[in-house]
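Spelled out from the first residue to the last, the chains are:
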Amino acid sequence: MRSALVRAVRRTAEGVRWYVRELTGESAYDRYVEHLRAHDPDAPVPSRREFERMRTDRQDADPRQGFRCC
Amino acid sequence: MRIANAQNSPRTSRARARTVIVWTIVALVGAIGWGVLALARGEEVSAAWMVAAALGSYAIGYRFYARFIQYRVLKADRTRATPAERLNNGIDFHPTDRRVLLGHHFAAIAGAGPLVGPVLAAQMGYLPGTIWIVAGVIFAGAVQDMVVLFFSTRRDGRSLGQMAREEIGPVGGAAALLAAFAIMIILLGVLALVIVNALAESPWGTFSIAMTIPIALFMGFYLRVLRPGRVSEVSLIGVALLLFALVSGRWVAQSSWADAFTLAPSTLVIWLVAYGFVASILPVWMLLAPRDYLSTFMKIGTILLLAAGVVVTLPTLRMPAVTDFATRGDGPVFAGSLFPFVFITIACGALSGFHALISSGTTPKMIQKETQVRLIGYGSMLMESSVAVMALVAASVIDPGLYFAMNAPAGVIGDTVQNASQVVTGWGYQISPEDLAAAARQVEESSLLSRTGGAPTLAVGVSEIFAQVTGDGMRAFWYHFAIMFEALFILTALDAGTRVGRFMLQDTLGNVYRPLKNVSWKPGLVLTSGIVCGLWGYFLWVGVHEPLGGINQLFPVFGISNQLLAAVALTVCTTLLVKSGRLKWAWITGVPLAWDATVTLTASWQKVFSDDPRVGFFKQREIYQDAIDRGEVIAPAKTMDDMHTVVTNSTVDGVLTAVLALLIVVVIADAARVCVRHVRRPALSTLSEARYVKSKLVAPAGLFPTGEEREEAERDAVGAGQGG
């Protein structure tokens, strides 16, 4: 009984963590690396710092990216 | 063995019977809600009925109408790969889980809009607003969002402007672009005006909002330098700091610093325009991106809190179902009668053209399956609509006397509580001067009179609802919490909107002077940002100094422009339905278009040509000009300068309204020409749809996977295991 409860709580916590990371874009870097590696396992990948800079700077170039409504 | 296909198996017939029973109950709940709302006269009604009516109708609309549109009209094809799958680059094009995308899309479409419009429309009573919010979203707003999303997905995520140009033609496309730019400017001016009205003479509010700037700068630095990409942790820190700023606002308001943060409206205008200008030329990572995280967190948190508050307390609606202003057309909040003005005052929440800009562009690049447009497009819009219903509830739970004292311009009710009480009581809404003073004291503001714009009224309503749970001691905190929450994302919108306006301007002016097209060319950046801020700053300045009341004059122009953008979006949708061989289904967006065009063009017509000086801009101009010629000053103007201000403003507003209406007529006429040509000679039309590629992804269409979809996912997992 208890182990089932623990498992359920853990599954929920993992689900929430996954959702928050996806929604905030925290998982964007992991996804990008995975995307590059899927085509070529030895592909050069940017560091997280470089990647995050590139991602925000793209918005400077085209402010319609990620635009929000009133 | 699968037996789901066997028609008469006991399992499916039982399931079908259960479905019928469930949906009958849902329909009954909705119908009872509407019945009580419509039939209750003279007694106070619980908000529970409004919630029941709305949720019941949403469920029916989503289950039946949206499904019909998705499968019968659009013929969404789950075997067809979406741009996210075909063009996956791991950054902006990537297949995103439908539940995540629903959150993204909702956060992008819902902002201050659905909170402001319904509050202002409450002057006609709660019933007209509720009917329009619910019926409008089911038949027009959510349909528009979903259809735009579908067609943009079929076109690799093209923007609305690009689709207008490609599918209608250069004339319609240019008119649509110009209209979008004008609308952006008016939107920013009016949103900024809402903030000025909420923060003027309020040291608590001004201090907490000012603190959001250093907080955002800190978050930006953290994300850029200290720990790149750790958005959740920095957002938690930011929200904690924000709540601290909110609490400390009270201390500041009670200290000797209070004077420094007690700003007159015209001072706030200068601060806001300066903020908009500086923020929009700074790099995104410094201010915009962190602010965006903060406001998204606050937005989702507050909306959930408000929903819980409404459901837990189920407050009583004190506003009448329909007020006399609905038919007389002389309401103090905005002039004009129910038709057409309720339908332009409530845009976001019922039908909002701005959503078309989100549904085309960002979201289509992330959707996994065409069959998810119902969940993402229609579903998100239903969620936004429920936010609008909550705003209407919040505006209707406060004393109607207080509501009118807060929302009538100072020129009408004067600036003392005695005077205001007398005027508002004269309209038939009893409230004593003591009660008006007490209401302001309770939220620790010096005065609540003429706090127009919707945000303060919503904040009072929210504090009323939350105080029922947390006790009266927290009332002032909740009021300022709600103000802060609205101000936060309006300031973000000023920054982001200025950037988008600038981008449009750079793109257009770049055709004349080449270097302007380069978006990183600093002088061009500063120049175009300055132009955009100057333009919306002009409307803000005018709104603050308008003797007739800025919101009263400008909100209808804003409403008209937003609904005109919806007309553009619906026109593009209808044209695409016709051109893609769905002529017999063109009414799906054609009827909402006809309704929207009728409402909006009627409103524009009245604003331009009406003989009632409260409604018609040019009649107003004429009356004030004649008085100037005679050397008279007529109320609410106090000086000759005021008189000249009224004349200039009504001329500008009138011309603007007329130009916007003309632009839309051009777009609709051009689209009609394309549609007629297509019907006569289909061979002449071209359709720029991306070609069919078979999808390899497996993903459910709805929020919860069906049994079949689950089995398909399992088969896919097994297949992938064997293959790799």
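Model, not experiment: these values are computed from the prediction.

Reading the values: rules and limits
Residues numbered from 1 in each chain as written. Chains lettered and ligands numbered in written order. Predicted model: local features only at pLDDT ≥ 70, side-chain atom pairs only at ≥ 80, totals over all residues. Helix = DSSP H or I, 4+ residues; strand = E, 2+ residues; numbered from the N terminus. Rg over C-alpha atoms; globule rule 2.2 N^0.38 Å. UniProt positions renumbered as here; feature names shortened; annotations may be inferred. Contact = placed C-beta atoms within 7 Å. Nonpolar A, V, L, I, M, F, W, Y, C, P; charged D, E, K, R; others polar. Axes fitted to C-alpha atoms, helices over the stretch in contact; angles between N-to-C directions. Parallel < 35°, antiparallel > 145°, perpendicular 65-115°, else oblique. Left-handed = near helix turned anticlockwise from the far one by under 90°. Domains from an automatic or database assignment. Buried ≥ 20, exposed ≤ 12 C-beta atoms within 10 Å, placed from the backbone. pLDDT = per-residue confidence, 0-100. Core = buried A, V, L, I, M, F, W, Y, C linked by C-beta atoms within 7 Å.

Caption draft 1: Looking closely at the overall build of chain A. Of regular secondary structure, chain A possesses three helices and zero strands. Each helix and strand of chain A, placed in order from N terminus to C terminus, yields the pattern α-α-α. On C-alpha atoms alone, chain A measures out to a radius of gyration of 17 Å, which is more than a quarter above the 11 Å that the 2.2 N^0.38 rule sets for 70 residues.

Caption draft 2: Structural detail: the UniProt feature "domain: CstA N-terminal" (unreviewed entry) in chain B. Using the residue numbers shown here, the UniProt feature "domain: CstA N-terminal" (unreviewed entry) corresponds to residues 47-603 of chain B. A distance of 30 Å separates the end C-alpha atoms of residues 47-603 of chain B, which is 73% helix and 0% strand.

Caption draft 3: Structural view of the interface of chain B and chain A. At the interface, 40 residues of chain B touch 30 residues of chain A. Partitioning the side of chain B that touches chain A into residue classes produces 23 nonpolar, 13 polar and four charged.

Caption draft 4: Highlighting the packing of helix α6 (residues 126-154) of chain B against helix α14 (residues 338-345) of chain B. Residue and element names in this part refer to chain B. In contact at an axis separation of 10 Å, α6 and α14 are set at 60 degrees when each is read in the N-to-C sense. Between α6 and α14, the interaxial angle falls into the category oblique. Relative to α14, α6 is oriented so that their crossing is right-handed. Residues Pro128, Gly129 and Trp132 of α6 pack against Leu338, Val342 and Phe343 of α14. Taken together, the residues of the contact of α6 with α14 sort by class into five nonpolar, one polar and no charged.

Caption draft 5: Quick peek at the packing of α14 of chain B against helix α24 (residues 550-579) of chain B. Residue and element names in this part refer to chain B. Between α14 and α24, the shortest axis-to-axis distance is 8 Å and the interhelical angle comes to 75 degrees. With respect to each other, α14 and α24 are oriented roughly perpendicular. When α14 is examined against α24, the residues Phe341, Ile344 and Thr345 are found in contact with a partner set consisting of Phe555, Pro556, Gly559, Ile560 and Gln563. Looking at the contact of α14 with α24 residue by residue, the class counts come to five nonpolar, three polar and no charged.

Caption draft 6: Molecular detail of the domain arrangement of chain B. Residues and elements named next belong to chain B. According to the domain assignment, chain B consists of domain 1 (11-201 + 263-684) and domain 2 (202-262). Computed over C-alpha atoms only, the centres of domain 1 and domain 2 are separated by 27 Å. Across the contact, 23 residues belong to domain 1 and 24 residues belong to domain 2. Looking at the side of domain 1 that touches domain 2, the elements that each hand over two or more residues are α8 (170-199), α12 (288-313) and α22 (475-509). Looking at the side of domain 1 that touches domain 2, the element that brings in the most residues is α12, giving seven residues. Class assignment of the residues belonging to the side of domain 1 that touches domain 2 gives a composition of 18 nonpolar, one polar and four charged.

Caption draft 7: Highlighting the environment of Arg441 of chain B. Looking at the secondary structure, you find Arg441 of chain B in helix α20 (residues 433-442). A residue is classified by how many C-beta atoms lie within 10 Å of it, and Arg441 of chain B, with 13 of them, is partly exposed.

Caption draft 8: Highlighting the confidence of the model for chain A. Put simply, chain A has an average pLDDT of 89, and 94% of its residues get 70 or more. No element of chain A has a lower mean pLDDT than helix α3 (residues 48-61) of chain A, at 90, and none a higher one than helix α1 (residues 2-24) of chain A, at 93.

Caption draft 9: Main features of the nonpolar core. All names here are of chain B. In this structure, Ala179, Leu191, Ala405 and Val568 are the most contacted members of the largest nonpolar core, which totals 233 residues. Here this core gets 21 residues from one element, more than from any other, and that element is α8. The residues that make up this core include at least three from each of domain 1 (11-201 + 263-684) and domain 2 (202-262). In this structure, Ala405 is in contact with Ile413, Ala420, Val424, Ile431, Leu436, Leu448 and Leu449, ignoring residues within four places of it in sequence.

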